[in-house]
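So you can see what is in the structure, the chains are spelled out below.
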Amino acid sequence: MTVSFINAQIVTPDGIITGTLTCEGETIAAIETGPVTERDREIVDVAGGYLLPGFIDTQVNGGGGVLFNDDTTLEGIAAIGRAHRAYGTTGYLPTLISDELEVIDAAMRATEAAIEAGVPGVLGLHIEGPFISRERKGIHNPDLFRTLDAQSKALLKSLKRGKTLVTLAPENCTPADISELRDAGVLIAAGHTNATYDTAKAALKAGVTSFTHLFNAMSPMTHRAPGVVGAALEDQTAWCGLIVDGRHVDWAVLRIALRTRPIDRFMLVTDAMPTVGSKTKTFMLNGKRIHVENGVCVDDSGTLAGSDLDMVDAVRNVVQMLGRTLPEAAIMAATAPANFLGLEAERGTLSVGRRADIVWLDKKLNLCETIIGGSVPIYVDLT
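Residues numbered from 1 in each chain as written. Predicted model: local features only at pLDDT ≥ 70, side-chain atom pairs only at ≥ 80, totals over all residues. Heavy atoms only, no water.

J.: Can you help me understand the overall build of the chain in this one?
T.: Across its full length, the chain holds 9 helices and 21 strands. In terms of overall size, the chain behaves like a compact globule, its C-alpha atoms giving a radius of gyration of 20 Å where 383 residues would be expected to give roughly 21 Å. The principal-axis extent of the C-alpha atoms belonging to the chain is close to 60 × 50 × 40 Å. Of the contacts made within the chain by residues no fewer than 6 positions apart, 68% connect residues no fewer than 24 positions apart. When the accessible area of the chain is evaluated, it comes to approximately 14900 Å², of which 49% is carbon and sulfur surface. If the 34 positive side-chain charges of the chain are averaged to one point and the 46 negative ones to another, these points end up 4 Å apart. (Helix = DSSP H or I, 4+ residues; strand = E, 2+ residues; numbered from the N terminus. Rg over C-alpha atoms; globule rule 2.2 N^0.38 Å. Contact = heavy atoms within 4.5 Å. Areas by Shrake-Rupley, 256 points an atom, 1.4 Å probe, with all protein chains shown as cover. Lys, Arg positive; Asp, Glu negative; His and termini not counted. Charge placed at Lys NZ, Arg CZ, Asp CG, Glu CD.)

See below:
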């Protein structure tokens, strides 16, 4: 089926093109600035709104009332994806917070099943802990923490479909451990870490390619101890995830950070919890009651426990609060994570030959529709 989106402002890494974007099946077939004929195609009038590449979120703990740790099934993954599609997410990594190896195994097998079943948007799995720092644990349960031993590494290398991303504390393993996982195709992020600057730099050399929610749950940069934050900002090639809600990181700090490194090395992440896409704004995590307060998830003591942020709000925040252009926001929401995952040949930009994963926003940046593979997705029958 051929569909043309006319009267569109098409957001590309090089700027905004006013014209028509045409999809044939699941692929972008043409981007044109002249008039198009209506013959043999469906016409969708964007009415001067924006078309962006579909958002890719590499840190999605839950959504639609589902916490992945509590529902490590194909059905759980599908429910989370369905909730986030309503906010422009066309690709995501369901994310497991620190848990037992048996739960990690179940999550990996569920991810394989979801990809095989064609659940829209599932690109792999993010395993955030339990190989992390007690000093920078955040809301994670330290009773579940463990060392990166042979059994753990064998499990982390076992995903047969999709990408595996592991967040770990570099000070709790060796550079050889990191290199071993990297060589097996596992993506390694430094996060929930109290590492020194030197340890973080050694981890980058060994194979760390990203930093999980930069600034949060990591050793800060001070004038005599640059820490993990200093190593991340100095490095110009690794990707840094950012939670752009103004609560996890102050707006001024975010603006400063974006001036230190290439924009295409920052990724928007939600770190979303079950409250996103749900009317219920409380849930349980490791026996603790978590609730939404001023837009973030916290426990009763005020400790941050993920976010109530969605991707379209994050994109708007980049434009409205950080003073960046919409093409720059699209790079952070789509192009950068696609490149980080090694999927740039098929996703992340609105270009001829790429998958037709598209976010349609109106002139005020309100979401009109999320399109996956050229159409509004019909989710697989899980009954």
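Alright, that's what it looks like, and here's the rest.
J.: Looking at this structure, how should I read the pattern of salt bridges?
T.: Once their charged atoms are close, side chains differing in charge can pair, the charge on each being opposite to the other. Enumeration over the complete set of coordinates arrives at 20 salt bridges. Measuring nitrogen to oxygen at the nearest pair gives 3.0 Å for the salt bridge that ties R109 to E112. Of the two residues, R109 and E112 are both situated in helix α2 (residues 101-117); the distance of 3 residues between them amounts to about one turn of the helix. For R109, a relative accessible area of 27% translates into the label partly exposed. Assessed through its relative accessible area of 12%, E112 is described here as buried. Here D299 and K288 are joined by a salt bridge, their closest N and O atoms 3.8 Å apart. Of the two residues, D299 is situated in strand β18 (residues 296-299) and K288 in strand β17 (residues 288-293); the sequence distance between them amounts to 11 residues. Given the relative accessible area of 38%, K288 is considered partly exposed. When salt bridges with common partners are traced through the structure, they connect E26, E346, R347, R355 and D357 into a single cluster. (Salt bridge = Lys/Arg side-chain N within 4 Å of Asp/Glu carboxyl O. Buried < 20%, exposed > 50% of the residue type's maximum accessible area, 1.4 Å probe, protein only.)

J.: Is there a simple way to explain empty space enclosed by the protein in this structure?
T.: Think of a ball as big as a water molecule: rolled over the atoms, this probe shows where empty space is left. Following the criterion strictly, the structure yields 2 cavities of 30 Å³ or more and no others. Looking at the lining of the largest cavity, the elements with two or more residues in it are β6 (55-60) and β13 (208-211). (1 Å grid on protein atoms, 1.4 Å probe; cavity = no way out; pocket = protein on both sides within 12 Å on 5 of 7 lines; lining within 4 Å. Points joined across faces, edges and corners; volume = space filled by probe spheres on them.)

J.: Any chance you could explain the nonpolar core here in plain terms?
T.: Nonpolar side chains in soluble globular proteins generally cluster together in the buried interior. One finds L52, F211 and L268 to be the most contacted residues of the largest nonpolar core, which totals 81 residues. If near-sequence neighbours (up to four positions away) are discounted, L52 is found in contact with V11, V315, L326, A330, L350, D357, I358, V359 and L361. (Core = buried A, V, L, I, M, F, W, Y, C linked by side-chain atoms within 4.5 Å.)

J.: What is the right way to look at helix α8 (residues 311-320) in this model?
T.: Owing to its 3.6 residues per turn, the α-helix brings residues three or four apart onto one side. Among the 10 residues of α8, 7 are classified as buried, and the element is accordingly described as predominantly covered. Two to three positions downstream of the cap, the backbone nitrogen of V312 sits 3.2 Å from a side-chain oxygen, assigning the N-cap of α8 to D310. (Polar contact = N/O pair within 3.5 Å; in protein donor to acceptor, adjacent residues only side chain to side chain.)

J.: How do you make sense of the sheet that holds strand β11 (residues 163-168) when you look at a structure like this?
T.: Two modes of strand pairing occur in sheets, parallel and antiparallel, and in both the strands are linked by backbone hydrogen bonds. The strand order across the open sheet formed by 8 strands is β6-β9-β10-β11-β12-β13-β14-β15, and the pairing between neighbours is parallel. Edge positions in the sheet fall to β6 and β15 (266-268), since each has one partner strand and no second. Across the sheet, the mean angle separating the axes of adjacent strands is 25 degrees when strand polarity is ignored. As paired elements, strand β10 (residues 124-128) and β11 share 5 bridges and run parallel to each other. Opposite H126, over in β11, you have L165 as the bridge partner. Sheet contacts for helix α9 (residues 326-340): β6, β11, β12 (187-190), β13, β14 (239-242) and β15; angle to β15, the most-contacted strand, approximately 105 degrees. (Pairing = 2+ DSSP bridges. Axes fitted to C-alpha atoms, helices over the stretch in contact; angles between N-to-C directions.)

J.: Honestly, the packing of α8 against α9 in this entry has me stumped. Any pointers?
T.: The description of two packed helices rests on the angle between their axes and on the distance between the axes. Where α8 contacts α9, the axes come no closer than 9 Å and their chain directions differ by 140 degrees. Taken together, the axis directions place α8 and α9 in an arrangement best described as oblique. You can see that α8 and α9 cross each other, and the crossing is right-handed. Contacts between α8 and α9 involve M311, V315, V318 and V319 on the former and, on the latter, L326, A329, M332 and A333. Counted by class, the contact of α8 with α9 contains 8 nonpolar, no polar and no charged residues. (Parallel < 35°, antiparallel > 145°, perpendicular 65-115°, else oblique. Left-handed = near helix turned anticlockwise from the far one by under 90°. Nonpolar A, V, L, I, M, F, W, Y, C, P; charged D, E, K, R; others polar.)

J.: Just checking my understanding: could you explain the side chain of S158 for this structure?
T.: Mapped onto the elements of the fold, S158 is located in the loop between α3 (150-156) and β11. Among the polar contacts listed, one links the side chain of S158 to the backbone oxygen of L155, at a separation of 2.6 Å. When neighbours within four sequence positions are excluded, S158 is seen to be in contact with M108, R109 and E112.

J.: Would you take a moment to explain the packing of aromatic side chains for this structure?
T.: How two aromatic rings sit relative to each other is set out by the distance from centre to centre and by the angle between their planes. Across all of its chains, the model carries 1 aromatic pair by this definition. Seen in terms of ring centroids, W239 and F340 are 5.6 Å apart; in terms of plane orientation they differ by 55 degrees. Their pairing is tilted. Of this pair, W239 sits in strand β14 while F340 sits in helix α9, placing them 101 residues apart in sequence. The burial state of W239 is the same as that of F340; both residues are buried. In this arrangement the basic side chain of R261 is found over the ring face of F266, its NZ or CZ atom lying 5.3 Å from the centre. (Phe/Tyr/Trp six-rings, centres within 6.5 Å; stacked < 30°, edge-to-face > 60°. Lys NZ or Arg CZ within 6 Å of the ring centre and 35° of its normal.)

J.: Would you take a moment to explain helix α7 (residues 251-258) for this structure?
T.: Within α7, burial applies to W251, L254, A257 and L258. Down the axis of α7, the buried side of the element spans an arc of 125 degrees, and every buried residue falls inside it. If you follow the buried residues of α7, they end up packed against α6 (227-234), β14, β15, α8 and α9. Between the side-chain oxygen of the N-cap and the backbone nitrogen of A252 there are 2.9 Å, and the N-cap of α7 in question is D250. (Arc of directions from axis to C-beta.)

J.: Any chance you could explain the side chain of N61 here in plain terms?
T.: With respect to the element layout, N61 can be found in the loop between β6 and β7 (62-63). Within the structure, N61 has its side chain in polar contact with the side chain of D271 (distance 2.7 Å). Beyond its immediate sequence surroundings of up to four residues, N61 is in contact with V66, L67, F68, I80, T95, I97, E128, D271, A272 and M273.

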